[in-house]
Amino acid sequence: MINEPKLSFEQGPIRPPNEARSLLLRITRNCPWNQCLFCPVYKGQKLSLRTVEEIKKDIQTARDIADDIKALSWRLGMSGMITNPIISHIISNNNYSYSYKSVALWLSYGTGACFLQDADNFIIKTKDFVDILRFLREKFPDLKRVTTYSRSRTVSRRSLTEMKEIKEAGLDRVHIGLESGYDPLLKFIKKGVTAAQHIDAGKKVVEAGMSLSEYIMPGLGGEAMWKEHALETARVLGKINPHYIRLRSLRVPNHTLLYQKVKNGEFKMLTDDQVVEEIKLFIESLDNSITSTITSDHIMNLLEEVKGKLPEEKENMLNVIKKYQDRPETDRIVYRIGRRGGAYSSTDDLYRDQTTYDKIKRLVSELSSKGPNETERFIEEMADQYI
Ligand code: SF4
């Protein structure tokens, strides 16, 4: 038994939405590129590589904490199970470090998943990455899934042999921010990667036997490039055929470089309805040989139900879009407010609860009476609360 509740290990600021129940371990700090115009995450922070020894020490600490929490469960008569009383005991007691709270929750979820932070872990030398992964698997032999973020440009510099070694050592999935497959747009947003590099990196991850999640960003092309953004992104994904295509719609926080371009008129944002039209074109343009699963697990997406397995659920996804587009304009506005406020997750919710519908409709009337742009401004503000 360790019983040192102040023990802690390092964790970074972000993880993909579907890694909310994973053990988070930070193996590099920040982003080596850090230039994407839309990205607020690591601005003002420099890349810092952690030594293998530091990372192993953190993994060992996470192991010790997990063992200590299990021992606590036995002491409290819960046979090693991480039950609600154990979680409450740890969360409500300030003697326990944040790491204890984080590991306790992770154990209680029982996902067996681990996400390696931060933005681009293929920057680590292959031999070191392999060493870290082997140590992690040795200390946590029951892990079911180990995943990380990386950039296409970094992955494309690794040989297939190296990628296979990394897979063999225990990395199961890579999350890549593809954002767009349209080269002029990739250049405009300073992604630092070309469509060809996206394709090369994506194919390599898949060929090495790892699962691949590609994030794309509806709305990123703005008024000027939305069509090419949709068409070229569909083309590039058709060449990769990743396991997952994850939608994460553009929002522009005021501390991003893109915000300045919005303010000076250089970048004109799409409305919600235009983004929906763009996603429709994107899905229609996906080649029927693609077998990816589309997910929409980000709160910034308006239509959460646009998700499913390709090609068999392609029509379902297009029907969700059609259903939204066929609604009268007032209902679309009511839905947008309800969705941003957390009341709706499907356009069918509009008609399930008349009280909520009437309440939002009254709000729309009040906003419209204050001025022509008030409703849009209100919806924008609601959407931006998530960024
Ligand atoms: S590569 Fe990722 S983390 Fe780095 S600046 Fe771009 S979006 Fe942000």
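Bear in mind that the values here come from a model prediction, so they are computed numbers and not experimental data.

1. Points about the sheet that holds strand β7 (residues 211-216)
Read across the open sheet, the eight strands follow the order β1-β4-β5-β6-β7-β8-β9-β10; overall the sheet is mixed. Of all strands in the sheet, those with a lone pairing partner are β1 (23-26) and β10 (308-309), marking the two edges. One ladder, built from six bridges, connects strand β6 (residues 173-179) with β7; its direction is parallel. Bridge pairing links R173 to S211 in β7.

2. Examining the domain arrangement of the protein chain
Entries for the protein chain in the domain assignment read domain 1 (151-326) and domain 2 (327-387). Computed over C-alpha atoms, the centres of domain 1 and domain 2 are 27 Å apart. Counting from both sides, the interface comprises 17 residues of domain 1 and, opposite them, 17 residues of domain 2. When the two sides are added together, the surface that domain 1 and domain 2 hide from each other amounts to roughly 1800 Å², 46% of it contributed by carbon and sulfur. Considering only the surface of domain 1 that becomes buried against domain 2, R251, I299 and Y324 emerge as the three largest contributors, covering 33% of it. At the boundary of domain 1 with domain 2, the tally comes to seven salt bridges. As a salt-bridge pair, R332 and D273 come within 2.9 Å of each other at their nearest N and O atoms.

3. Observations concerning the site of the ligand
Around the ligand, the structure places C31, N34, Q35, C36, F38, C39, Y42, A119, R151 and K191. Residue composition of the shell around the ligand, by class: six nonpolar, two polar and two charged.

4. With respect to the packing of helix α13 (residues 329-340) against helix α14 (residues 354-370)
α14 packs onto α13 with a crossing angle of 105° between their chain directions and a minimal axis gap of 9 Å. Judged on the interaxial angle alone, α14 and α13 are roughly perpendicular. Of the residues in α14, those in contact with T330, D331, I333, V334, I337 and G338 of α13 are Y357, I360, K361, L363 and V364. Among the residues forming the contact of α13 with α14, the class breakdown is seven nonpolar, two polar and two charged.

5. Topic: helix α9 (residues 222-240)
For α9, the principal kink sits at E228 and spans about 35°. Residues of α9 that are buried sit in contact with β6, α7 (183-188), α8 (195-207), β7, β8 (244-247) and α11 (272-285). Among the residues trailing α9, N241 stands out with phi positive, at a value near 50°.

6. Focus: the pattern of salt bridges
Summed over all chains, the structure comprises 32 salt bridges. Among the ionic pairs, R251 bridges to D384, the shortest N-O distance being 2.9 Å. Here R251 is found in the loop between β8 and α10 (257-263), whereas its partner D384 is found in helix α15 (residues 374-384), with 133 residues between them in sequence. One connected set of salt bridges, linked through shared partners, spans E10, R26, R29, R50, D58 and D118.

7. Describing the packing of aromatic side chains
Considering all chains together, one arrives at eight aromatic pairs under this definition. On the numbers, 5.0 Å between centres and 50° between planes, the contact of Y96 with Y100 is tilted. Judged by its relative accessible area of 1%, Y100 falls in the buried class. Ring pairs connect the aromatic residues Y324, Y335 and Y344, which therefore count as one cluster. In this structure, R63 packs its charged tip against the face of F140, placed 4.7 Å from the ring centre. Stacked on the ring of Y244, the Lys or Arg R246 has its end atom at 4.6 Å from the ring centre.

8. Topic: helix α12 (residues 314-326)
Between its terminal C-alpha atoms α12 stretches 18 Å, which fits the 18 Å expected from 13 residues at 1.5 Å a residue. Here α12 has its buried residues at K314, M317, L318, V320, I321 and Y324. The buried side chains of α12 occupy one side of the element, clustering within an arc of 150° when seen end-on. Residues of α12 that are exposed and angled more than 90 degrees away from the buried face: E315 and D326. Looking at the buried residues of α12, the elements they touch are α11, β9 (293-295), β10 and α13.

9. Some thoughts on the nonpolar core
Judged by nonpolar contacts, the single largest core of 89 residues is most densely connected at I69, L116, L171 and F282. Take this core: its biggest share by element is eight residues, from helix α1 (residues 52-75). When residues of this core are sorted by domain, at least three fall in each of domain 1 (151-326) and domain 2 (327-387). In this view, I69 contacts I82, I86, I90, Y100, V103, A104 and L107; residues no more than four positions away in its chain are not counted.

10. Observations concerning the side chain of K101
Its location among the elements puts K101 in helix α3 (residues 98-109). Among buried charged residues, K101 stands out as having no salt bridge; its nearest opposite-charge side chain is D68, 14 Å away. Those residues in contact with K101 that sit more than four places away from it in its chain are I90, I91, N93, N94 and Y96.

Calculation criteria
Residues numbered from 1 in each chain as written. Predicted model: local features only at pLDDT ≥ 70, side-chain atom pairs only at ≥ 80, totals over all residues. Heavy atoms only, no water. Pairing = 2+ DSSP bridges. Helix = DSSP H or I, 4+ residues; strand = E, 2+ residues; numbered from the N terminus. Domains from an automatic or database assignment. Contact = heavy atoms within 4.5 Å. Buried area = accessible area lost by both parts, 1.4 Å probe. Salt bridge = Lys/Arg side-chain N within 4 Å of Asp/Glu carboxyl O. Near = heavy atom within 4 Å. Nonpolar A, V, L, I, M, F, W, Y, C, P; charged D, E, K, R; others polar. Axes fitted to C-alpha atoms, helices over the stretch in contact; angles between N-to-C directions. Parallel < 35°, antiparallel > 145°, perpendicular 65-115°, else oblique. Bend = angle between axes of the 7 residues up to and from the residue. Phe/Tyr/Trp six-rings, centres within 6.5 Å; stacked < 30°, edge-to-face > 60°. Buried < 20%, exposed > 50% of the residue type's maximum accessible area, 1.4 Å probe, protein only. Lys NZ or Arg CZ within 6 Å of the ring centre and 35° of its normal. Expected span 1.5 Å × (residues − 1). Arc of directions from axis to C-beta. Core = buried A, V, L, I, M, F, W, Y, C linked by side-chain atoms within 4.5 Å. Lys, Arg positive; Asp, Glu negative; His and termini not counted.

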